[in-house]
Amino acid sequence: SALGRSGSEAAAPAPAGLGLRLCLGGWGSLVNPTGVAACRGSGCLAVAHDGKKRIHVFGPGGFCLRRFGERGNAGNDIKYPLDVTVTSDGHVVVTDGGDCSVKAFDFEGRGVLAVREGFCLPWGLDATPKSEVILTDSEAGALYRLTADFQRGELKKCQMIRSQLVSPRAVAVCQTSGAVVVIEHLKARGLNKGSTRVKIFSAEMDLIGQTDSFGLNLVFPCRIYATAVAFDKEGRVIVTDVCSQAVICLGKPEEFPIFNPLISHGLSYPVGLAYMANDSLVVLDSGDHSIKIYSST
């Protein structure tokens, strides 16, 4: 009942309520999943996890179409996947914390590119409509734009576009405005367990809004720890909160932050978010190793 209360009655209306439509995976099928991404063209989902084959691709109906990304030390093997995205031209791009690299595969699972130079700990990533990849380097405190010809396996440019961030991890790109939202993980003080901060940048990488756990606590009387972030089709910022086991809408950048819970039950430890082409919301729940797909009710 507490999650049903919003501190922003005058704010723009929130998205419609969401109901669970499909649940995929589960222990054995997925092992400690860390990232999920949707292919808007095909309706497929790519999931990164800790199994023998690190990437699973699920079709629109929920069946696992293929598995790839062997666990190992070979050039295209994946040691420890942290996040995954799918470009508009159908390539799966993964951040590998095991060897601090970014690896790209075609949709059949063939490795096409591995970028190992210059990163300290690449973590979160998201693709732009132009098939560029925006990614965070958690240890370097930086945000990069990676441009490549994935068809040919050629890296064109890897440019730092923002620095002096604090342990940035999850990141999302608005497909219409080009705005970028990042979740920073702030260092703990004393006995505290740390907190998170959500920062929104314009397409030109100017800071246009931010709020941290303390600021959200002023709106909602619970500690909030954000782990994943996405933009919906209207350009609203959506985050997962592992403290309340919820998915929360923080509003558009110009009204940021408002507080509107979208999903307030049925989640254990949500760590990933993605929107499908039909506007279904995909939540990756590492608590029960599953993918939960929600549609408007």
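Residues numbered from 1 in each chain as written. Predicted model: local features only at pLDDT ≥ 70, side-chain atom pairs only at ≥ 80, totals over all residues. Heavy atoms only, no water.

**Q** Mind laying out the layout of surface pockets, listing which residues take part and the relevant values?
**A** In this structure, the largest pocket occupies an estimated 860 Å³ of space. Together, 43 residues line the largest pocket, and Val36, Asp83, Leu125, Val171 and Leu273 are the ones closest to its centre. Elements that contribute at least two residues to the lining of the largest pocket include exactly strand 2 (35-38), strand 6 (81-86), strand 10 (122-127), strand 14 (168-173), strand 18 (226-231) and strand 22 (270-275). Classifying every residue of the lining of the largest pocket by side-chain character gives 27 nonpolar, 12 polar and 4 charged. Space inside the second largest pocket adds up to approximately 250 Å³. Contributing to the lining of the second largest pocket are 14 residues, with Thr128, Glu132, Arg145, Gly178 and Ala203 lying nearest its centre. (1 Å grid on protein atoms, 1.4 Å probe; cavity = no way out; pocket = protein on both sides within 12 Å on 5 of 7 lines; lining within 4 Å. Points joined across faces, edges and corners; volume = space filled by probe spheres on them. Helix = DSSP H or I, 4+ residues; strand = E, 2+ residues; numbered from the N terminus. Nonpolar A, V, L, I, M, F, W, Y, C, P; charged D, E, K, R; others polar.)

**Q** So what's going on with the confidence of the model for the protein chain? Which residues, and what values?
**A** Looking at the protein chain as a whole, the pLDDT averages 89, with 90% of positions reaching at least 70. Counting interchain partners and residues more than four positions distant, the pLDDT-below-50 stretch residues 1-14 has 21 contacts. (pLDDT = per-residue confidence, 0-100. Contact = heavy atoms within 4.5 Å.)

**Q** I'd like to hear about the nonpolar core, residue by residue, with values.
**A** Of all hydrophobic cores here, the largest spans 19 residues; its most connected members are Val181, Val198, Val229, Phe231, Val237, Val239 and Leu250. For this core, the elements supplying multiple residues, two or more each, are strand 14, strand 15 (180-186), strand 16 (195-201), strand 18, strand 19 (237-241) and strand 20 (246-251). Membership of the second largest hydrophobic core comes to 15 residues, among which are Cys44, Phe68, Val84 and Phe105. (Core = buried A, V, L, I, M, F, W, Y, C linked by side-chain atoms within 4.5 Å. Buried < 20%, exposed > 50% of the residue type's maximum accessible area, 1.4 Å probe, protein only.)

**Q** Explain unusual backbone geometry to me, and be specific about the residues and the numbers.
**A** Although it is not a glycine, asparagine 32 adopts a positive phi angle of roughly 45°. If you trace the backbone, asparagine 32 turns up in the loop between strand 1 (18-25) and strand 2. We note that cysteine 100 has phi near 55°; this positive angle belongs to a residue other than glycine. Structurally, cysteine 100 can be placed in the loop between strand 7 (92-96) and strand 8 (101-105).

**Q** Describe the packing of aromatic side chains, listing the residues and the values that go with them.
**A** Enumeration according to the criterion identifies 2 aromatic pairs in this entry. When the centroid spacing of 5.4 Å and the interplanar angle of 45° are considered together, the rings of phenylalanine 68 and phenylalanine 105 count as tilted. Placement of phenylalanine 68 in strand 5 (residues 64-70) and of phenylalanine 105 in strand 8 is noted, with a sequence separation of 37 residues between them. A single burial state applies to phenylalanine 68 and to phenylalanine 105, both of which are buried. Ring centres 5.3 Å apart and planes at 90° place the aromatic pair phenylalanine 119 and tyrosine 144 in the edge-to-face group. Of this pair, phenylalanine 119 sits in the loop between strand 9 (111-115) and strand 10 while tyrosine 144 sits in strand 12 (residues 142-149), placing them 25 residues apart in sequence. (Phe/Tyr/Trp six-rings, centres within 6.5 Å; stacked < 30°, edge-to-face > 60°.)

**Q** Could you give an account of the pattern of salt bridges, with specific residues and numbers?
**A** For the structure on display, the rule yields 15 salt bridges. As a salt-bridge pair, glutamate 70 and lysine 53 come within 3.7 Å of each other at their nearest N and O atoms. Taken together, the positions of glutamate 70 in strand 5 and lysine 53 in strand 4 (residues 53-58) put the pair 17 residues apart, joining distant regions of the chain. The exposure class of glutamate 70 is partly exposed, given its relative accessible area of 37%. A relative accessible area of 35% means that lysine 53 is categorised as partly exposed. For lysine 233, the salt bridge identified is with aspartate 279, shortest N-O distance 3.3 Å. (Salt bridge = Lys/Arg side-chain N within 4 Å of Asp/Glu carboxyl O.)

**Q** Now, about the sheet that holds strand 17 (residues 207-212): what can you tell me, with residues and values included?
**A** Two orientations exist for strands paired in a sheet by backbone hydrogen bonds: parallel and antiparallel. In spatial order, the strands read 14-15-16-17; together these 4 strands make up an open sheet with antiparallel pairing. This sheet does not close on itself; its edge strands, each paired only once, are strand 14 and strand 17. Strand-to-strand twist in this sheet, taken as the mean axis angle between neighbours without regard to direction, amounts to 15°. Relative to strand 15, strand 14 runs antiparallel, the two sharing 4 bridges. Within strand 15, the residue paired with valine 173 across the bridge is valine 180. (Pairing = 2+ DSSP bridges. Axes fitted to C-alpha atoms, helices over the stretch in contact; angles between N-to-C directions.)

**Q** Give a description of the sheet that holds strand 3 (residues 45-48) that names residues and reports values.
**A** A sheet is described by the order of its strands in space; here 4 strands give the open sequence 2-3-4-5, paired in antiparallel fashion. Strand pairing shows two members of the sheet lacking a second neighbour, strand 2 and strand 5, which therefore form its edges. Taken over all neighbouring pairs, the strand axes of this sheet differ in orientation by 20° on average, direction set aside. Examined bridge by bridge, strand 4 and strand 5 share 5 bridges and lie antiparallel to one another. In the strand pairing of strand 5, phenylalanine 58 is matched with cysteine 64.

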